[in-house]
Amino acid sequence: MSEPERRQSRLDVFIARMTAQKSFLEDVATKIADIEGPVLELGLGNGRTFDHLREILPEREIFVFDRSVTAHPASIPDGDHMVIGEIRDTLAFCGPRVKRPAALVHSDLGTGDPTADLAKAHWLAPLIAERTAPGGYVATGIALDLPDFDALPRSADAELGRYWLYQKRR
Ligand SMILES: C[S@@+](CC[C@H](N)C(=O)[O-])C[C@H]1O[C@@H](n2cnc3c(N)ncnc32)[C@H](O)[C@@H]1O
């Protein structure tokens with residue numbers, strides 16, 4: 001008789017999430033090779049994903065958005081590329097600074113609370129859609145309703161760790 005399946009602990013979910021985040025970013029870094037435009041990193045946090053993005057995309061301009069800078073000192077963007085404020089405002093009005101639509105938007109703003117995340121997804125999705133280049137990608141820790149995008153297949157880690165990848169139709 002087979003053992004009953006163990007419940008996934010929060011540690012299991014966290015590890016799956018980090019695994020999905022890393023593999024999505026590395027996969028998408030190769031996919032955007034022929035798409036012009038910067039990367040938008042929504043949520044500096046500790047700076048881990050920003051630091052990874054600049055390692056795997058050394059030629060790409062990366063703009064980072066957060067309401068405050070609390071990252072590890074080694075992972076803070078320069079002043080021209082750190083956009084400080086509420087993303088609901090800054091993403092809507094970053095056009096003059098960012099200039100071109102993004103080849104990749106990475107959004108790591110989830111709270112873990114399903115209601116708060118739904119509310120955030122409601123205002124975030126149209127702002128991200130507006131700032132993404134045709135053919136560009138969105139990797140996100142909150143599921144987004146993006147009508148002009150295709151949702152791309154997700155690994156088991158992405159399903160468990162709640163990470164999504166979308167591509168804007170050309
Ligand atoms: C989970 S952390 C990001 C972690 C980061 N990707 C890393 O690897 O270290 C989320 C960050 O998003 C920021 N954030 C969340 N909601 C925001 C909002 N509405 N406006 C601005 N910043 C926000 C928080 O301040 C926090 O630093």
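Going by the structure above, here's the rest.
Read on for an overview of the structure. (Residues numbered from 1 in each chain as written. Predicted model: local features only at pLDDT ≥ 70, side-chain atom pairs only at ≥ 80, totals over all residues. Heavy atoms only, no water.)

1. Observations concerning the overall build of the protein chain
(1) Moving on: Within the protein chain, the secondary structure is distributed over six helices and seven strands.
(2) Moving on: For the protein chain, the N- to C-terminal ordering of α and β elements is α-β-α-β-β-α-α-β-α-β-β-α-β.
(3) Moving on: By its C-alpha atoms, the protein chain is 65 × 40 × 30 Å across when sized along the principal axes.
(4) Moving on: For the protein chain, buried positions account for 47% of its 170 residues.
(5) Moving on: Counted over contacts in the protein chain with a minimum sequence separation of 6, partners at least 24 positions apart contribute 62%.
(6) Moving on: For the protein chain, the accessible area works out to roughly 9500 Å², and carbon and sulfur atoms hold 53% of it.
(7) Moving on: Treating the 21 positive side-chain charges of the protein chain as one cloud and the 26 negative ones as another, the clouds have centres 2 Å apart. (Helix = DSSP H or I, 4+ residues; strand = E, 2+ residues; numbered from the N terminus. Buried < 20%, exposed > 50% of the residue type's maximum accessible area, 1.4 Å probe, protein only. Contact = heavy atoms within 4.5 Å. Areas by Shrake-Rupley, 256 points an atom, 1.4 Å probe, with all protein chains shown as cover. Lys, Arg positive; Asp, Glu negative; His and termini not counted. Charge placed at Lys NZ, Arg CZ, Asp CG, Glu CD.)

2. Here's the deal with the pattern of salt bridges
(1) Moving on: Tallied over the entire structure, the rule returns eight salt bridges.
(2) Moving on: Here R17 ties to D108 by a salt bridge, and the two come within 3.0 Å at their closest N and O atoms. Here R17 is found in helix α1 (residues 10-31), whereas its partner D108 is found in the loop between β4 (102-107) and α5 (114-131), with 91 residues between them in sequence.
(3) Moving on: Owing to a relative accessible area of 17%, R17 belongs among the buried residues under this scheme.
(4) Moving on: In this structure, E159 engages R154 in a salt bridge whose closest nitrogen and oxygen atoms are separated by 4.0 Å.
(5) Moving on: Note on R154: relative accessible area 25%, which makes it partly exposed. (Salt bridge = Lys/Arg side-chain N within 4 Å of Asp/Glu carboxyl O.)

3. Considerations on the sheet that holds strand β1 (residues 39-42)
(1) Moving on: One open sheet accounts for seven strands, arranged β3-β2-β1-β4-β5-β7-β6; its pairing is mixed. Two strands bound the open sheet, and with one partner strand each, they are β3 (82-84) and β6 (149-151). For this sheet, the mean angle separating the axes of adjacent strands, direction not counted, is 20 degrees.
(2) Moving on: Across four bridges, the pairing between β1 and β4 is parallel. Paired with V39 across the two strands is L104, which belongs to β4. (Pairing = 2+ DSSP bridges. Axes fitted to C-alpha atoms, helices over the stretch in contact; angles between N-to-C directions.)

4. Section: the site of the ligand
(1) Moving on: Surrounding the ligand, one finds 16 residues, the nearest of these being N46, T49, D66, I87 and D108.
(2) Moving on: Here I87 contributes a backbone N or O atom positioned 3.0 Å from a nitrogen atom of the ligand.
(3) Moving on: Measuring from a nitrogen atom of the ligand, one finds a side-chain N or O atom of D108 at 2.8 Å.
(4) Moving on: Starting from 610 Å² of accessible surface for the ligand in isolation, the protein chains cover 82%. (Near = heavy atom within 4 Å. Polar contact = N/O pair within 3.5 Å; in protein donor to acceptor, adjacent residues only side chain to side chain.)

5. Topic: the nonpolar core
Within soluble globular proteins, side chains that are nonpolar generally end up buried alongside one another.
(1) Moving on: Within the largest apolar cluster, 26 residues are counted, with the highest numbers of intra-cluster contacts made by L40, L42, F65, L91, L124 and L144.
(2) Moving on: Every element with two or more residues in this core is listed here: β1, β2 (62-66), β4, α5 and β7 (164-168).
(3) Moving on: When residues in this core are grouped by element, the largest group, seven residues, is from α5.
(4) Moving on: Dropping the residues within four chain positions of it, L40 is found in contact with F63, F65, L91, V98, A102, L104, V105, H106 and R131.
(5) Moving on: Core analysis: the next-biggest nonpolar cluster, separate from the first, contains 25 residues, V39, M82, A158 and L165 among them. (Core = buried A, V, L, I, M, F, W, Y, C linked by side-chain atoms within 4.5 Å.)

6. Points about the environment of I128
(1) Moving on: Mapped onto the elements, I128 comes out in helix α5.
(2) Moving on: Residue classification places I128 among the buried residues on the basis of a relative accessible area of 1%.
(3) Moving on: The spacing of I128 and L104 is 24 residues in sequence and 10.0 Å in space, taken between C-alpha atoms.
(4) Moving on: In contact with I128, other than residues within four places in its own chain, are L42, L91, V105, S107, V138 and L144.

7. So, the pairing of β1
(1) Moving on: Residues V39 and E41 line one face of β1 and the alternating positions L40 and L42 line the opposite face, and both faces are buried.
(2) Moving on: Relative to β2, β1 is paired through four bridges, and the arrangement is parallel. The residue bridging V39 from the neighbouring strand is I62, located in β2.
(3) Moving on: Taking the sense of rotation as the criterion, the β-α-β connection linking β1, helix α2 (residues 48-56) and β2 turns out right-handed. (Right-handed = clockwise from strand over helix to strand, strands pointing away.)

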